[in-house]
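Understanding the architecture of this molecule
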Amino acid sequence: DDDDDDDDDDDGNCVRIERPTRAGEGDARAVLDPRVKHPEINKRSFVGVVRGEDGDGTVDVLYRTSAGKATSARVRADDAHEGFLGKVLESWTATMEAEEEGEGTTREEGEGNGTARRRRRGASELSTSAERTIKTEMKMNGKSDIVTVEQMETLREALPAMYRMREWALAYSTKRDGISLKSLYRRASGKANTVLLVSDSGGAIFGAFCTEAWKVHSRYGGTGESFVFTLAPEGVKYAWSGANDYYMFGAADSLSVGGGSAHAIRLEEDLLQGSSGECETFQSPPLASENMFRTARIELWSLE
């Protein structure tokens, strides 16, 4: 590793984000010019977007340099940038507008484990069939044994705009491919954008949208476009909170989404049991019927 000075501070499981210097704390960071192309911000280097704190319409785009260093650039969300950066900003703006409309502060009594589910910033109800804006037929290669086509169309609406028209292909299913984390990793190889679906023995259906291929790795991966969701007993999407960048983590003995004090989703090596708790990455409540749950079925869908 060339960044020897950082080794003592890096626990190997996260990427530290170097945020722009605030005014008054040094030189202010310039806003990127939309007339200039920024090839350094691309699908491979992109990490996420964080709303600016000055209320001036700026956001911080988080990405990794060619040397793997986490850094950020300041842009105006409504500037017409070209290429990948423009698509990211357009998608982020649309997502924020939708979440602000659906944002609430009510507490709803949870079902199954009796806990109260809090609606918080970044949480938004998934659309109903009458509310959908995408009218084109959904392309699917495979059939789900967990959700209906209507529920999958609901999830498609929740995806970032650049992924909504892609074909859904069933990459892994415990019913079809057997109960094996190794099999899941093998069948997920090279599939960068996936939707993980889990049903548990208590009737809950939940999952995650992730933006890197699932594999055994030494640290967390993914980007800020990731989110977790529930489909039953209710349909709610929990977007990235910006609190940390623990999006997804593949280990030999487990698979995890989110992190902090607890994982949003953790599946054990046997894929028969897992856990879900209050997760800082998405500010999400427990998604399953119980904090420690037994799985019924698991599917991984690739967006081709």
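It should be noted that the structure appears before, not after, this text.
Residues numbered from 1 in each chain as written. Predicted model: local features only at pLDDT ≥ 70, side-chain atom pairs only at ≥ 80, totals over all residues. Heavy atoms only, no water.

Some words on the nonpolar core
Stated precisely, the cut-off is as follows: Buried residues of nine kinds, namely Ala, Val, Leu, Ile, Met, Phe, Trp, Tyr and Cys, make up a nonpolar core once their side-chain atoms join them within 4.5 Å. Here's how the labels work: a residue is buried when its accessible area is under 20% of the maximum for its type, exposed when over 50%, partly exposed in between, all with a 1.4 Å probe on protein chains only. Helix and strand assignments follow DSSP, with helices taken as H or I runs no shorter than four residues and strands as E runs no shorter than two, numbered in order from the N terminus. We call two residues in contact whenever any of their non-hydrogen atoms come within 4.5 Å of each other.
Residues F206, W214, V228, L255, V257, I265 and L267 are the most contacted members of the largest nonpolar core, which totals 34 residues. When residues of this core are traced back to their parent elements, those giving at least two are α4 (181-188), β9 (194-200), β10 (205-210), β12 (236-239), β14 (254-257), β15 (265-268) and β17 (292-303). Per element, the largest residue contribution to this core is four residues, and it comes from α4. Those residues in contact with I265 that sit more than four places away from it in its chain are F206, G207, A208, L255, S256, V257, S275 and L287. Listed in part, the 21 residues of the second largest apolar core include L159, W168, L197 and L231.

Quick word on the side chain of T295
Where we set the bar: Two N or O atoms form a polar contact when they lie within 3.5 Å of each other; inside protein one atom must be a possible hydrogen donor and the other a possible acceptor, and for residues adjacent in sequence the pair counts only when both atoms belong to side chains.
Structurally, the position occupied by T295 is in strand β17. Classification of T295 as buried rests on a relative accessible area of 15%. Within the structure, the side chain of T295 is placed 2.6 Å from the backbone oxygen of L271, a separation counted as a polar contact. When residues no more than four places from it in sequence are discounted, the contact partners of T295 are V198, S199, D200, S201, L267, L271, L272 and Q273.

With respect to the pattern of salt bridges
So the rule is basically this: What makes a salt bridge here is a side-chain nitrogen of Lys or Arg within 4 Å of a carboxyl oxygen of Asp or Glu, nothing more.
If you walk through the whole model with that rule in mind, you get six salt bridges. For the salt bridge of D33 with R35, the shortest nitrogen-to-oxygen distance reads 3.0 Å. Among the residues examined, D33 registers a relative accessible area of 26% and is labelled partly exposed. The partner of D177 in a salt bridge is R176, with the nearest N and O atoms 3.0 Å apart. The exposure class of D177 is partly exposed, given its relative accessible area of 21%.

Observations concerning the pairing of β12
Keep this limit in mind: Any two strands are treated as partners once DSSP identifies two or more bridges connecting them.
Side-chain alternation along β12 places V236 and Y238 on one buried face and K237 and A239 on a second face that is also buried. Looking at chain direction, strand β6 (residues 123-125) and β12 are connected through three bridges and run antiparallel. Along β12, the bridge assignment pairs A123 with Y238.

Quick notes on the side chain of S144
Looking at the element boundaries, S144 is found in the loop between β7 (140-141) and α2 (149-158). Taking relative accessible area as the criterion, S144 reaches 7% and is therefore assigned buried. At 3.0 Å, the side chain of S144 and the backbone nitrogen of I146 are in polar contact. Here S144 is in contact with M152, L197, E299 and W301, once residues within four sequence places are set aside.

Some thoughts on the environment of E90
Inspection of the secondary structure assignment puts E90 in helix α1 (residues 83-102). For E90, a relative accessible area of 57% translates into the label exposed. In sequence terms E90 and A161 are 71 residues apart; their C-alpha atoms lie 8.1 Å from each other.

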